[in-house]
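What the coordinates show
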Amino acid sequence: MGEIHSRLRAAAAAAVLLLATAACGQTQAPASAGRQDPGIGHIHGLGVDPADGAIYVAGHYGLFRVRSDGAADRVADRIQDYMGFTVVGPRTFLASGHPAADSPGESPHLGLIRTTDSGRTWTTVSEEGVADFHTLHVAGDTIYAFDTQSGRLRRSADGGQSWIPGAEEPMIDLAVSTDDLTRVHATTPQGLKVSGDGGMEFKKVANAPLLTHIDYPAGDVLIGPDTNGQIHTSRDGGRTWEGGGKLPGPAAAFTAVDARRLLTATEDGAVLESRDGGESFTVIFTPAHD
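Residues numbered from 1 in each chain as written. Predicted model: local features only at pLDDT ≥ 70, side-chain atom pairs only at ≥ 80, totals over all residues. Heavy atoms only, no water.

Turning to the pattern of salt bridges, a few remarks are in order. Within this structure, the stated rule accounts for 11 salt bridges. When the shortest N-O distance is used, the salt bridge between R154 and E127 registers 2.9 Å. Residue R154 is found in strand β11 (residues 152–156), and its partner E127 is found in the loop between β8 (123–126) and β9 (133–139); the two are separated by 27 residues along the sequence. What makes R154 buried here is its relative accessible area of 13%. Measuring nitrogen to oxygen at the nearest pair gives 2.9 Å for the salt bridge that ties K193 to E169. Taken together, the residues K193 in strand β15 (residues 191–195) and E169 in the loop between β12 (164–168) and β13 (173–176) connect sequence positions 24 residues apart. Where salt bridges share partners, they join R67, D69 and D73 into one cluster. (Salt bridge = Lys/Arg side-chain N within 4 Å of Asp/Glu carboxyl O. Helix = DSSP H or I, 4+ residues; strand = E, 2+ residues; numbered from the N terminus. Buried < 20%, exposed > 50% of the residue type's maximum accessible area, 1.4 Å probe, protein only.)

Taken together, the four strands give an open sheet; going across it, the order is β17-β18-β19-β20, and neighbouring strands pair in antiparallel fashion. Here the strands that pair on one side only, and so sit at the sheet edges, are β17 (215–218) and β20 (242–246). Strand-to-strand, the axes of this sheet are offset by a mean angle of 30°, without reference to chain direction. For strand β18 (residues 221–225) and strand β19 (residues 230–234), the ladder comprises four bridges, and the chain directions are antiparallel. Across the sheet, the residue bridging to L222 is S234, located in β19. (Pairing = 2+ DSSP bridges. Axes fitted to C-alpha atoms, helices over the stretch in contact; angles between N-to-C directions.)

I43, L46, V57 and V271 are the most contacted members of the largest nonpolar core, which has 14 residues in total. Residue assignment for this core shows that the elements contributing at least two residues are β1 (43–48), β2 (55–59), β3 (62–66), β22 (262–266) and β24 (282–285). Considering every element that reaches this core, the biggest residue donor is β1, with three residues. Sequence-distant contacts of L46, defined by excluding residues within four places in its chain, comprise Y56, V57, F85, A253, F254, T255, L263, T264, A265 and V271. Within the second largest apolar cluster, 12 residues are counted, among which are L63, V75, L110 and W122. (Core = buried A, V, L, I, M, F, W, Y, C linked by side-chain atoms within 4.5 Å. Contact = heavy atoms within 4.5 Å.)

Okay, unusual backbone geometry next. Backbone phi values are negative for most residues with the exception of glycine, while trans is the configuration of most peptide bonds. The phi dihedral of E127 falls on the positive side, at around 65°, and the residue is not glycine. For N207, which is not glycine, the phi dihedral falls at a positive 65°. Locating N207 in the fold gives a position in the loop between β16 (203–204) and β17.

Ordered by their spatial adjacency, four strands build an open sheet running β13-β14-β15-β16, and the pairing between neighbours is antiparallel. Two strands in the sheet have a free side with no partner beyond their single neighbour: β13 and β16. As paired strands, β15 and β16 are joined by two bridges and run antiparallel to one another. Residue pairing in the sheet places K193 in a bridge with K204 of β16.

Okay, the confidence of the model for the protein chain next. In low-pLDDT regions, the fine details of the predicted coordinates are not to be read closely. Considering every residue of the protein chain, the mean pLDDT works out to 90; 87% of them sit at 70 or more. With pLDDT under 50 throughout, residues 1–13 is counted as low confidence; its partners more than four residues away or in other chains account for 10 contacts. Overall, residues 17–27 carries pLDDT values under 50, and its contacts beyond four positions in sequence, including any with other chains, amount to 14 contacts. (pLDDT = per-residue confidence, 0-100.)

Moving on: the side chain of D226. Residue placement: D226 occurs in the loop between β18 and β19. The buried charged residue D226 lacks any salt bridge, with K246 as its nearest oppositely charged partner at 6.5 Å. Among residues more than four places away in sequence, those in contact with D226 are L210, L211, T212 and H232. (Lys, Arg positive; Asp, Glu negative; His and termini not counted.)

Right, here's the structure in full:
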């Protein structure tokens, strides 16, 4: 029975990965001129700008700022596919993805891009036309990213100017220890894995729940949702786990602002927030559906 359960768990994780890939399968966002606003689309990333506390939602069709009344405003009136997204400081974000289809001459892969004005303007850092980073994580001076074009974890120690290739295997999400910046956890179709050498090699975490996303908010605390949307927390670096609250469905995006405040998005585009470490969630944004 143990082997059967393991196979079922691996199949479930693979299905979640395939669904996420299918939802984001276009290489370019729709044309931005002369078209009806497409909305956010599939959500890929979430973050809070420490400059003003605003929540940002990065999706298949643009970057949005959530208002206090529950609506969301498109940043800079730009339609662009943000596959990877992370907030690294006040008004400073990193992202990756694809330009709109009406961007003649632009590569289908943006590489690593950076903004210092909360997404109003972006500059290319590196890897334009080469890399498509679907997850980005900054730990100290190091950037970790999973590149779907090479199928590898990649690491940069100079702000993204140059990259060191790491392990080659599919990854859904990454988390880096705040105490040991070479300790990296990754959610994969085979289950949760961990590296102790900066992402060069990974091994499976024994007895871990089948997580789709993972974050390392502080110390040895790991937290993330499983394939059914239940939140799991480890307070000892992944050795033991305890279950928490449950989302209405699988998570499309997830981030831990801190150990108590969590942001997550569901596959239908709703954004939810927890202020109690994942025991309960409140909907803070719901997309309009025709």
